[in-house]
Amino acid sequence: MARSILITDIAHFVGGPSARALLAEGAHVYGVDASFSDAAARAAFEEKVPGVRALSAQKPEEAVAAVIEAEGRLDVLVNNDAWPAVRGPVDEATDKDMHETFEALVFKSFAMTRAAVPQMKRQKAGKILFLSSAAPLNGIPNYSIYAAARGAANSLALTLAKELASHNIQVNALAFNFIESPDYFPASLLEDPKSREKILGNIPLRRLGKPEEAAAIVAFLAGPTSDFITGQLIPVAGGWATAR
């Protein structure tokens, strides 16, 4: 039986690459995105990533219900939350930036998870992935808002793993950093030799991670061979950060 998978913010971060990796394994992949309220945007993404079913739903309950209606179950939720990392010293940070960042990176994934869990409990199986960041593991000066939000999401994942384990629901978080993505590393930045060298100088492996590498880990944790793995925060950052 093909696994049914829902990916949030699928048009951003590693949503597309993850969808391709999961489709290649025979999964039925559904995606939601803020842009998908527009039919043309949904059609464009489905053309870009053939096999994905782009949903117009904007509310978590509606998105989950759409997958269950089509598949009869929801096997995997991938919280692929993406949001700009606001840069600035703490004494210049604004409440607005803090609220918006937490809304995008914590509250949204919490609401989506809350909507998905009842079905996973009923079917006595499920997987929830938080595609988060390694920023809280090392700390990055002038990025306190972003690191705080990602840290909250990481803690949410680890806590839910213990809460939901008795229902055979595995919850894990991937702590990414330095993955090629226009959301965080636009072409204009990487094409500047000085900027690129400065970025690579922070990475022990001296290169950016490929989206396909990130997607392969997502596919593994979404699959049946990872059923005994839960409550893990796994850094995927080229050696820049390690789990503590």
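Above this text you will find the structure in question.
Just so it is clear, the structure is predicted and the values come from calculations on it, not from any experiment.

Caption draft 1: Region of the structure containing the overall build of the protein chain. Within the protein chain, the regular secondary structure consists of nine helices and seven strands. In summary, the protein chain has a C-alpha radius of gyration of 17 Å against a globular reference of 18 Å for 244 residues, a match within 12%. Over its C-alpha atoms, taken along the principal directions, the protein chain stretches across nearly 50 × 40 × 35 Å. A separation threshold of at least 6 residues defines the contact pool for the protein chain, and within that pool the share at least 24 residues apart is 72%. For the protein chain, the distance from the average position of its 24 positive side-chain charges to the average position of its 27 negative side-chain charges is 5 Å.

Caption draft 2: Quick peek at the packing of helix α3 (residues 60-71) against helix α4 (residues 95-123). Where α3 contacts α4, the two axes come as close as 8 Å, and the packing angle between them is 35°. As α3 packs across α4, the resulting crossing turns out to be right-handed. In this structure, α3 uses Pro60, Glu61, Val64 and Ile68 to contact α4, whose residues at the interface are Ala111, Met112, Ala115, Ala116 and Gln119. Residues of the contact of α3 with α4, tallied by class, amount to seven nonpolar, one polar and one charged.

Caption draft 3: Layout of the packing of helix α1 (residues 15-24) against helix α9 (residues 211-222). Running from N to C, α1 and α9 cross one another at 50°; their axes reach a closest spacing of 8 Å. When the interaxial angle is binned, α1 and α9 end up oblique. The interaxial crossing formed by α1 with α9 has right-handed handedness. Touching Pro17, Ser18, Ala21 and Leu22 of α1 are Pro211, Ala215, Val218, Ala219 and Ala222, all from α9. Tallied by class, residues from the contact of α1 with α9 come to eight nonpolar, one polar and no charged.

Caption draft 4: Representation of the nonpolar core. If you look at the biggest cluster of nonpolar residues, it comprises 76 residues, and the most contacted ones within it are Leu6, Ile128, Leu131, Val171 and Phe176. Considering each element in turn, this core owes the most residues, nine residues, to α4.

Caption draft 5: Looking closely at the layout of surface pockets. In this structure, the largest pocket spans a volume of roughly 810 Å³. In terms of lining, the largest pocket is formed by 26 residues, of which the most central are Ile140, Tyr143, Asn177, Phe178 and Phe185. Breaking the lining of the largest pocket down by element, the ones donating at least two residues are β5 (126-133), α6 (144-164) and α8 (193-200). Among the elements that line the lining of the largest pocket, the one with the most residues is α8, at three residues.

Caption draft 6: Here's a closer look at the pairing of strand β6 (residues 169-176). With eight of its eight residues buried, β6 lies for the most part within the structure. Side chains of β6 alternate between two faces, with Ile169, Val171, Ala173 and Ala175 and Gln170, Asn172, Leu174 and Phe176 buried alike. Here four bridges tie β6 to strand β7 (residues 233-236), and the two strands are oriented parallel to one another. Bridging from a neighbouring strand, alanine 173 pairs with leucine 233 of β7.

Thresholds applied
Residues numbered from 1 in each chain as written. Predicted model: local features only at pLDDT ≥ 70, side-chain atom pairs only at ≥ 80, totals over all residues. Heavy atoms only, no water. Helix = DSSP H or I, 4+ residues; strand = E, 2+ residues; numbered from the N terminus. Rg over C-alpha atoms; globule rule 2.2 N^0.38 Å. Contact = heavy atoms within 4.5 Å. Lys, Arg positive; Asp, Glu negative; His and termini not counted. Charge placed at Lys NZ, Arg CZ, Asp CG, Glu CD. Axes fitted to C-alpha atoms, helices over the stretch in contact; angles between N-to-C directions. Left-handed = near helix turned anticlockwise from the far one by under 90°. Nonpolar A, V, L, I, M, F, W, Y, C, P; charged D, E, K, R; others polar. Parallel < 35°, antiparallel > 145°, perpendicular 65-115°, else oblique. Core = buried A, V, L, I, M, F, W, Y, C linked by side-chain atoms within 4.5 Å. Buried < 20%, exposed > 50% of the residue type's maximum accessible area, 1.4 Å probe, protein only. 1 Å grid on protein atoms, 1.4 Å probe; cavity = no way out; pocket = protein on both sides within 12 Å on 5 of 7 lines; lining within 4 Å. Points joined across faces, edges and corners; volume = space filled by probe spheres on them. Pairing = 2+ DSSP bridges.

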